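# Coordinates in review
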Amino acid sequence: MAQKDITPTGKEIFFPENEFIVSKTDLKGKITYTNILFEKMSGYSRDEILGQPHNLIRHPDMPHCIFKLLWDTLQQKKEIFAYVMNMHRSGDHYWVLAHVVPTYDLMGNHVGYHSSRRSPNRKVVKQMQSYYRDLNNIERKHSNVKAGMQAALDSFNDLLKEKGTSYAEYIFSLNAAA
Ligand SMILES: Cc1cc2nc3c(=O)[nH]c(=O)nc-3n(C[C@H](O)[C@H](O)[C@H](O)COP(=O)(O)O)c2cc1C
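Residues numbered from 1 in each chain as written. Predicted model: local features only at pLDDT ≥ 70, side-chain atom pairs only at ≥ 80, totals over all residues. Heavy atoms only, no water.

### Looking at the packing of aromatic side chains
- Under the definition given, this model contains seven aromatic pairs.
- For the ring pair Phe81 and Phe172, a centre distance of 4.8 Å and an interplane angle of 65° mean the geometry is edge-to-face. Of the two residues, Phe81 sits in strand 3 (residues 80–87) while Phe172 sits in helix 6 (residues 167–177), which places them 91 residues apart along the sequence.
- Classification of Phe81 by relative accessible area gives buried; the value is 18%.
- A relative accessible area of 43% places Phe172 in the partly exposed class.
- Linked through ring pairs, Tyr131, Phe156, Tyr167 and Tyr170 together constitute an aromatic cluster.
- For Lys24, the ring lying beneath its charged end belongs to Tyr33, and the centroid distance is 5.4 Å. (Phe/Tyr/Trp six-rings, centres within 6.5 Å; stacked < 30°, edge-to-face > 60°. Helix = DSSP H or I, 4+ residues; strand = E, 2+ residues; numbered from the N terminus. Buried < 20%, exposed > 50% of the residue type's maximum accessible area, 1.4 Å probe, protein only. Lys NZ or Arg CZ within 6 Å of the ring centre and 35° of its normal.)

### A short note on the pattern of salt bridges
- Under the definition given, this model contains five salt bridges.
- The closest approach of N and O atoms between Asp92 and Lys11, which form a salt bridge, is 3.7 Å. Of this pair, Asp92 sits in the loop between strand 3 and strand 4 (93–104) while Lys11 sits in the segment before strand 1 (21–26), and the two are 81 residues apart along the sequence.
- Of the residues examined, Lys11 reaches a relative accessible area of 48% and is grouped as partly exposed.
- When the shortest N-O distance is used, the salt bridge between Arg122 and Glu12 registers 3.0 Å. One end of the pair, Arg122, is in helix 4 (residues 122–140); the other, Glu12, is in the segment before strand 1, with 110 residues separating them in the sequence. (Salt bridge = Lys/Arg side-chain N within 4 Å of Asp/Glu carboxyl O.)

### Side note on the side chain of Ser23
- One can find Ser23 in strand 1.
- On the basis of relative accessible area, Ser23 is assigned to the buried category, the value being 1%.
- Here His54 takes part through its side chain, which lies 2.8 Å from a polar atom of the side chain of Ser23.
- A polar contact of 2.9 Å, which involves the side chain of Ser23, links it to the side chain of Arg117.
- In contact with Ser23, not counting residues within four places along its chain, are Tyr33, Thr34, Phe38, His54, Tyr113, His114, Ser115 and Arg117. (Polar contact = N/O pair within 3.5 Å; in protein donor to acceptor, adjacent residues only side chain to side chain. Contact = heavy atoms within 4.5 Å.)

### Concerning the site of the ligand
- Near the ligand there are 15 residues, and of these Asn55, Arg58, Trp71, Asn86 and Arg117 occur at the shortest range.
- Residue Arg58 places a side-chain N or O atom 2.6 Å away from an oxygen atom belonging to the ligand.
- At a separation of 2.7 Å, a nitrogen atom of the ligand approaches a polar side-chain atom of Asn86.
- Across the complex, the protein chains shield 84% of the 610 Å² of accessible surface that the ligand would expose by itself.
- Those elements that provide at least two residues to the shell around the ligand are helix 3 (64–75), strand 3 and strand 5 (110–118).
- Its residues assigned to classes, the shell around the ligand shows eight nonpolar, five polar and two charged. (Near = heavy atom within 4 Å. Areas by Shrake-Rupley, 256 points an atom, 1.4 Å probe, with all protein chains shown as cover. Nonpolar A, V, L, I, M, F, W, Y, C, P; charged D, E, K, R; others polar.)

Spelled out as structure tokens, the structure:
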């Protein structure tokens, strides 16, 4: 089943705080590895997942601009932490704090990406829900997806500037304050 054919149920599901949901991709974001918890939380078997693009588990309520930020950061060969809401094949959803990094082979060639996701702080999830709703509203004001994404990203960058902080510092400050 394609992600676009799944209707979100609005029901949140959880995974243990001391466990990580792991996946690896090639340079284009096609999945090359998943751990057992990934399969459990996505509802797909490893055979169904491998080779699929990572938007297989995308939730439609995630703002486009967060993924733009993710890909822009990764393409500069930098790591990124991000709060992401993902969707199980049933339409249920779960929140993660993802840490995504570029990966290299033994020769030092950049070959793909690795994401490990932990269970996020509940207070931060509440903040993110409201913040991502604002970003979605900005994006939806534009009929053109790219323009909407850029406008939402600009507003995000303005917020960071106002706070005098970087994206990474902002994410960590949320966690520390919660
Ligand atoms: C290593 C890695 C892990 C990713 N993990 C997720 C994820 O957990 N959920 C998600 O929706 N997108 C994830 N993405 C981003 C997807 O590739 C994609 O950009 C996103 O789902 C948006 O899809 P769309 O362009 O179809 O809107 C990941 C990408 C990489 C490289």
